Amino acid sequence: MALIFNIQRFSVNDGPGIRTNVFFKGCPLNCLWCHNPESKSTKPDLGFIASKCIGCGHCLTQCPGHCHTMENGEHVIDRSKCLACRACERFCAGALEIMGREMTVDEVLGEVMKDEIFYKTSNGGMTVSGGEPMIQFPFITELLRAAKEKGLTCCMETCGFAAWARFEEIMPYVDLFLYDIKETDPARHREYTGADNALILENLRKLDGAGAKTVLRCPIIPGLNDRADHFAAVAHLADSLKNVQGIDVEPYHPLGKTKCENLGRDYPLADLSFPDKAQIQAWIGEIAAQTRVPVRQG
């Protein structure tokens, strides 16, 4: 069994063709700009959209953990008491959601195979993402192996922060690694994500040396890593790889802000907003001018 928080069908931005993305719970990093904060924990999370609450009070009476209360007309949640039993979710009009559901390989693959006809006509398939898929490694290995037996192309979106032995074992089942390069400066990488980037870069080079195909996925966050030295380092890194297929520039977006609010968490970059198109094109142009590798907006 694995803990899945979303299965997104008909995706066209996470590998070639039409794909189904399987999102796994758990991540070893803690990026300031994370747009999937519900993926960080390896346990289910309780989400609450206040604007959808109709004040019916069913959650107060149905929750065995008594984590829901009404205080001065406001719905208050003590998530430390949540048992992830889904009782409140079942009786809610749509404001409450337990994020993370245990699924078997057959259940996940059953969902993925619903769009088999589209994969065949577009060279698409399945992409595993997160969070970090390597957190649930035994399951991921079994799932990818089963998907390959079905004839699917398989992509993995990864932050690269895992033991090399895991990449080495899983490599035969992955057609393309969508490999995050969040920051090239080691000190800044630790500041922005909570971990050093040495292991990440080491794994990337080993994958490349073993013949694995990669796309470098580079989130660009205004005021943090939108620097000339970072762009030059990304270009240099790409040119040092033999099997890199491209660089995806991923502009910051504030989706994580709303999600954090729904999870009852603070969002560190609450004042940031979308960069405009001109700025995004300037970032792409600056990197593209320094590398032989194709650069596009991801």
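Draft legend 1. Inspection of the overall build of the protein at higher detail. Regarding its fold elements, the protein presents 11 helices and 13 strands. C-alpha extents for the protein along the principal axes are approximately 60 × 45 × 35 Å. By the burial criterion, 50% of the 298 residues in the protein qualify as buried. Counted over contacts in the protein with a minimum sequence separation of 6, partners at least 24 positions apart contribute 68%. For the protein, the accessible area works out to roughly 13900 Å², and carbon and sulfur atoms hold 51% of it.

Draft legend 2. Quick look at the pattern of salt bridges. Summed over the entire model, instances satisfying the criterion amount to 18 salt bridges. Among the ionic pairs, glutamate 38 bridges to lysine 259, the shortest N-O distance being 3.0 Å. Of the two residues, glutamate 38 is situated in the loop between β2 (19-24) and β3 (45-48) and lysine 259 in helix α10 (residues 255-263); the sequence distance between them amounts to 221 residues. Each member of the pair glutamate 38 and lysine 259 is classed as buried. Each of Asp14, Glu157, Arg217, Asp248, Glu250 and Arg296 takes part in a single network of salt bridges with overlapping partners.

Draft legend 3. Main features of the pairing of β2. For β2, a buried count of six out of six residues is recorded, marking the element as mostly surrounded by other parts of the structure. Two elements, strand β1 (residues 2-11) and β2, share five bridges in a ladder whose sense is antiparallel. Bridge pairing links asparagine 6 to phenylalanine 23 in β2. In this structure, β2 lies alongside strand β8 (residues 125-129), joined through five bridges in parallel fashion. Bridge pairing in β8 places threonine 20 opposite methionine 126.

Draft legend 4. Quick peek at α10. Every buried residue belonging to α10 is among Gly256, Lys259, Cys260, Asn262 and Leu263, and all of these are buried. All buried residues of α10 project into a common sector of 160° when viewed along the axis, lining one side. Buried-residue contacts for α10 involve β3 and β6 (96-99). Note on α10: the residue one or two positions beyond its end, glycine 264, has a positive phi of about 75°.

Draft legend 5. Layout of the packing of aromatic side chains. Using the criterion set out here, one finds six aromatic pairs in the structure. When the ring of phenylalanine 5 is compared with that of phenylalanine 23, the centres are 5.6 Å apart and the planes differ by 45°; the resulting orientation is tilted. Separated by 18 residues along the polypeptide, phenylalanine 5 in strand β1 and phenylalanine 23 in strand β2 bring together distant segments of the chain. Like phenylalanine 5, the residue phenylalanine 23 is buried in the burial classification. Each ring, one from phenylalanine 167 and one from tyrosine 179, has its centre 6.5 Å from the other, and the planes form 40°; the classification is tilted. Here phenylalanine 167 is found in helix α6 (residues 164-170), whereas its partner tyrosine 179 is found in strand β10 (residues 176-180), with 12 residues between them in sequence. As far as burial versus exposure is concerned, phenylalanine 167 and tyrosine 179 are alike and both buried.

Draft legend 6. Spotlight on the environment of glycine 246. Structurally, the position occupied by glycine 246 is in strand β12 (residues 244-251). Using a relative accessible area of 7% as the deciding quantity, one classes glycine 246 as buried.

Draft legend 7. Up close: the sheet that holds β12. Within the open sheet, the nine strands sit side by side as β7-β1-β2-β8-β9-β10-β11-β12-β13. Their pairing is mixed. The sheet is open, and its two borders are formed by β7 (101-103) and β13 (295-297), each paired with just one other strand. Strand-to-strand, the axes of this sheet are offset by a mean angle of 30°, without reference to chain direction. Where β12 meets β13, three bridges bridge the pair, whose relative direction is parallel.

Thresholds applied
- Starting from 1, residues in each chain are numbered consecutively following that chain's sequence as written.
- Only residues with pLDDT of 70 or above have their local features reported here, since the model is predicted, and side-chain atom pairs are shown and tallied only from 80 upward, although totals for entire chains, interfaces and linings are computed over all residues.
- As a rule here, side-chain values cover all heavy atoms of the structure and leave hydrogens and water aside.
- Here a strand is any run of E in DSSP of at least two residues, a helix any run of H or I of at least four, and the numbering for each starts at the N terminus.
- Remark: exposure states derive from per-residue accessible area (1.4 Å probe, protein chains only) relative to the maximum for the residue type, with buried under 20%, exposed over 50%, and partly exposed in between.
- Residue contacts are defined here by distance: any two heavy atoms, one from each residue, within 4.5 Å place the two residues in contact.
- Method for areas: the Shrake-Rupley scheme with a 1.4 Å probe, in which residue coverage is limited to the protein chains shown.
- The term salt bridge refers to a side-chain nitrogen of Lys or Arg lying within 4 Å of a carboxyl oxygen of Asp or Glu.
- Any two strands are treated as partners once DSSP identifies two or more bridges connecting them.
- By definition, the arc is the one covered by directions from the helix axis to the C-beta atoms.
- The rule is short: rings of Phe, Tyr and Trp, with Trp giving its six-membered ring, pair when the centres are within 6.5 Å, and they are stacked under 30 degrees, edge-to-face over 60, tilted in between.
- Structural elements are reduced to axes, namely lines fitted to C-alpha atoms, with helices fitted over the stretch in contact, and the angle between N-to-C directions of any two is expressed from 0 to 180 degrees.

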